[in-house]
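# Per-entry structural report
Listed below, chain by chain, are the residues.
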Amino acid sequence: MKKILSILISMAFCFSVSAKSRGDSMALDSRSKSIVEISAYIAVSNLDGLKKAMEEGLEAGLSVNEIGELCVQSYAYVGFPRSLLAEGVLTSIVKEADEKGKELEWGEKAKEVPSDLEKYEYGREKINSLFGRNAKQSRPVSTDYNSSTDIFLKEHLFTDIFYRGVLSDKERELSTATMLASLGNVNPMFTSHTQGAFKNGNSKEELEEMALIVGKLIGKKEGRNAENIVKQVTGAK
């Protein structure tokens, strides 16, 4: 009996080491892992990889609308062209499923922003909540580029997009951090959103796994950079 137990323990240890070396899921649940993989592929427009990741995401429990919301979220961080290409991939998956008579889970629909909502104030408070800030500035009256970008950031990105729901703040920040890690050369923004992801419930281990997945799917350079930023943000040794 002791010999059998020893063999089982040895096998479990070997499996654990093997899984870590492959970057297999150790902390992220299947939904979150799919969010990371989909977000990484959107950021670099790897459409073949994206289609597979989206299909696996649907199998892992993500709804069509949740994956669609990742596409919506992406345009603010990696641009409309990549977002539209990603939406096209999702549309093709839905069409193929329809042709095969396969039912897909559509999930929650996005909410509309109320017409009387003070959008600048809402966006400002959303930023404060996400990143632990306490900004109280008023809406700029100038139309110069700095002021205009500030208005777009608060009224559009952090109101029009975040108000939609469907994805939680935790999921949105995990997705955004992954996209920026995959995009590369945007470390100030990547650091801020890694902080946002950490503050909104993504654990150190989950963010470390995100970095591993980026390294596996996108490249060693991007993966190492992501790993370093995650260490800085979480205080990992």
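In this report, we go over the structure that sits alongside the text.

## Focus on the overall build of the protein chain
Counting its secondary structure elements, the protein chain contains eleven helices and zero strands. Counted from the first residue to the last, the protein chain has its helices and strands arranged as α-α-α-α-α-α-α-α-α-α-α. Evaluated residue by residue, the protein chain yields a buried proportion of 43% over its 237 residues. In the protein chain, of all internal contacts separated by at least 6 residues, the share reaching a separation of at least 24 is 72%. Within the structure as shown, the protein chain displays about 12900 Å² of accessible surface, and the carbon and sulfur contribution to it stands at 55%.

## As for helix α4 (residues 64-78)
A rise of 1.5 Å per residue sets the reference length of α4, with its 15 residues, at 21 Å; its end C-alpha atoms lie 21 Å apart and thus fit the reference within 8%. For α4, the tally of buried residues reaches 13 of 15 residues, placing the bulk of the element in the interior. Backbone geometry just after α4 places glycine 79 at a positive phi near 100°.

## Some words on the side chain of asparagine 128
Relative to the helices and strands, asparagine 128 is located in helix α6 (residues 119-131). Among residues more than four places away in sequence, those in contact with asparagine 128 are Arg133, Asn134 and Ala135.

## A closer look at the pattern of salt bridges
For the structure on display, the rule yields 15 salt bridges. The shortest N-O distance in the salt bridge between glutamate 59 and lysine 102 comes to 3.4 Å. Pair noted here: glutamate 59 is in helix α3 (residues 47-59) and lysine 102 is in the loop between α5 (80-99) and α6, with a separation of 43 residues, a long-range link. The partner of glutamate 69 in a salt bridge is arginine 172, and the shortest N-O contact between them spans 2.9 Å. Note that glutamate 69 is positioned in helix α4 and arginine 172 in helix α8 (residues 169-183), a separation of 103 residues in sequence.

## Structural notes on the nonpolar core
Among the nonpolar cores identified, the biggest contains 28 residues, and Phe158, Phe190 and Met210 are the most heavily contacted of them. Those elements giving two or more residues to this core turn out to be α4, α6, α7 (145-161), α8, α9 (187-199), α10 (204-217) and α11 (220-234). Residue contributions to this core peak at five residues, all from α10. Each residue touching phenylalanine 158, except ones within four places of it in the same chain, is listed here: Tyr77, Tyr122, Gly123, Lys126, Ile127, Leu130, Phe131, Leu153 and His193. Ranked by size, the runner-up nonpolar core spans 21 residues in total, among them Tyr41, Ala43, Leu50 and Leu70.

## Notes on the environment of glutamate 66
By the secondary structure assignment, glutamate 66 is in helix α4. Under the relative-accessibility criterion, glutamate 66 is labelled buried at 12%. For glutamate 66 and glycine 165, which are 99 residues apart along the polypeptide, the C-alpha to C-alpha distance reads 9.4 Å. Dropping the residues within four chain positions of it, glutamate 66 is found in contact with Arg31, Gly61, Val166 and Leu167.

## Comments concerning unusual backbone geometry
Phi is positive for serine 45, close to 55°, though the residue is something other than glycine. Turning to its location among the elements, serine 45 is positioned in the loop between α2 (30-44) and α3. Even without glycine at this site, valine 166 takes up a positive phi of about 70°. Taking relative accessible area as the criterion, valine 166 reaches 10% and is therefore assigned buried.

The rules behind each value
- Residues numbered from 1 in each chain as written.
- Predicted model: local features only at pLDDT ≥ 70, side-chain atom pairs only at ≥ 80, totals over all residues.
- Heavy atoms only, no water.
- Helix = DSSP H or I, 4+ residues; strand = E, 2+ residues; numbered from the N terminus.
- Buried < 20%, exposed > 50% of the residue type's maximum accessible area, 1.4 Å probe, protein only.
- Contact = heavy atoms within 4.5 Å.
- Areas by Shrake-Rupley, 256 points an atom, 1.4 Å probe, with all protein chains shown as cover.
- Expected span 1.5 Å × (residues − 1).
- Salt bridge = Lys/Arg side-chain N within 4 Å of Asp/Glu carboxyl O.
- Core = buried A, V, L, I, M, F, W, Y, C linked by side-chain atoms within 4.5 Å.

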